[in-house]
Amino acid sequence: MKKIHETILEVNLNKLSNNFNHLKSRLKPDTKIIAVIKAYAYGHGDIAIASYLEKLGAHALWVADLEEGSRIRKSGIKIPIIIANSGTKSTQQIIDNKLDVVVYNSEFLHLYGKLDKEINIHIKFNTGMNRYGFDVYEVDELVANLQKYPKLKIQSIFSHLAGSDKSTEDSFTNAQFQVFDNIYNSFSKGINQLIDRHILNTNGVLRFPNKEYEMVRLGIGLYGISNDDNIQQISTLKSVISQVRTIKRGSKVGYDASFVAIEDMIIGVVPFGYADGLNRKLSTKNGVIIVQNIACPIIGKISMDSCMINLKGTTAKTGDEVIIFGEKNTISSIANKLGTISYEIFSSLNRRIKRIYSC
């Protein structure tokens, strides 16, 4: 296929498959995998990623809201789609699209229960992160309320680890496991039913294999972010040089005239800016773009739709390909430079960027 777009996110589905299968190899054969594809599959394009993960054998898909879930369902996906936060105004669309919902408080429980419709639910418990979820002291009341709504079909109970990637938080993580185990024992006894459980994310799978339970939720590891060397970043973001110019010593570059050339320079303009997901904190020699295998510093302030780079050491010309992130300038290294996490960089990629998928 002829490429007509200047800026392209190339997504390698073979690497996605390798990541999925490597993480799966760390699990028991019958453990069910919930693949997290919220935020446009972490910027990679949710419908294409969802379709591929369904073929790989994911048990279910995890999305953020109704819009994500309904769009993916309408694309032809058959496996369960779990809505993390369905809101209170979308109950009919949830039913129409056969979507599972997360119930994390009594208001949601009564909202869906009073519909008197068969709806698959996943119940979230708070084990210490203090975001969403029923607290320990609410278990008995929850069990009593569930008995009023037999058409609500409990598919799983779960919680969320706050620091599974940090060894310094292992004591807190282990405390979360203990709280979750106590909740499960009380809850399953109350409803007189064994229910699937999940609490592990990617780092949890890699670091706490004895706590995988019946299900796990795999997110960032699928896209290639992990300390495990067997997991590979699945995407490369490419653009082009749209203009090359020579500037004299003392010339100023970009908004606020914040960069002043200390020598004669050859600079390039790349049509990719903060509206596309290039964080402005990478401005003025903090960030780099790879040109001819050379890390070319970003100079001046990043604009909405473009940035400028120092082409010193290259023979680059207009139209030449550049790499914004990939094997050399990895997402993890950019995140470290910004003092943030890979999730933020991936999820901030504008949807106007063309996604290209290869096997």
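Cut-offs applied
Residues numbered from 1 in each chain as written. Predicted model: local features only at pLDDT ≥ 70, side-chain atom pairs only at ≥ 80, totals over all residues. Heavy atoms only, no water. Helix = DSSP H or I, 4+ residues; strand = E, 2+ residues; numbered from the N terminus. Buried < 20%, exposed > 50% of the residue type's maximum accessible area, 1.4 Å probe, protein only. Contact = heavy atoms within 4.5 Å. Core = buried A, V, L, I, M, F, W, Y, C linked by side-chain atoms within 4.5 Å. Axes fitted to C-alpha atoms, helices over the stretch in contact; angles between N-to-C directions. Parallel < 35°, antiparallel > 145°, perpendicular 65-115°, else oblique. Left-handed = near helix turned anticlockwise from the far one by under 90°. Arc of directions from axis to C-beta.

Undergrad: Just to check I follow, could you spell out the overall build of the protein for this structure?
TA: In terms of helices and strands, the protein carries 11 helices and 19 strands. When its C-alpha atoms are laid out on the principal axes, the protein stretches across 80 × 45 × 40 Å. Expressed as a percentage of its 359 residues, the buried residues of the protein come to 53%. Considering only contacts within the protein whose residues lie at least 6 apart along the sequence, 64% involve residues at least 24 apart.

Undergrad: I keep staring at the nonpolar core and nothing clicks. Help me out?
TA: Within soluble globular proteins, side chains that are nonpolar tend to cluster in buried spots. One finds Ile37, Leu53, Leu61, Ile123 and Phe187 to be the most contacted residues of the largest nonpolar core, which totals 103 residues. By residue number, the principal contributor to this core is helix H8 (residues 170-191), which donates 6 residues. Discounting residues that sit within four places of it in the chain, Phe187 has contacts with Ile123, Phe125, Val139, Leu142, Val143, Leu146, Ile154, Ile157 and Ile195. Among the nonpolar cores identified, the runner-up in size contains 9 residues, and Phe259, Ile267, Ile299 and Met308 belong to it.

Undergrad: Even after reading the chapter, I still don't get the packing of helix H7 (residues 139-146) against H8, so can you show me in this structure?
TA: Any two packed helices are characterised by the angle at which their axes cross and by the distance between the axes. Axis separation between H7 and H8 bottoms out at 10 Å; the angle between their running directions is 30°. Classified by the angle between their axes, H7 and H8 sit roughly parallel to one another. As H7 runs across H8, the sense of the crossing is right-handed. Touching Val139, Asp140, Leu142, Val143 and Leu146 of H7 are Ile183, Ser186, Phe187, Gly190 and Ile191, all from H8.

Undergrad: What is the right way to look at H7 in this model?
TA: Each turn of an α-helix holds 3.6 residues, which means side chains three or four residues apart point in the same direction. Of the residues making up H7, those classed as buried are Val139, Leu142, Val143, Asn145 and Leu146. Taken end-on, H7 shows its buried residues confined to a sector of 165°, consistent with a single buried face. Those residues of H7 that are buried are in contact with helix H6 (106-113), strand E6 (119-124), strand E7 (152-158) and H8.

Undergrad: I would appreciate a short explanation of unusual backbone geometry in the present structure.
TA: Both trends apply: most residues other than glycine have a negative phi, and most peptide bonds are in trans. Phi is positive for Asp116, close to 55°, though the residue is something other than glycine. Note on placement: Asp116 falls in the loop between H6 and E6.

Read these as layout, nothing more, since geometry by itself doesn't imply function.
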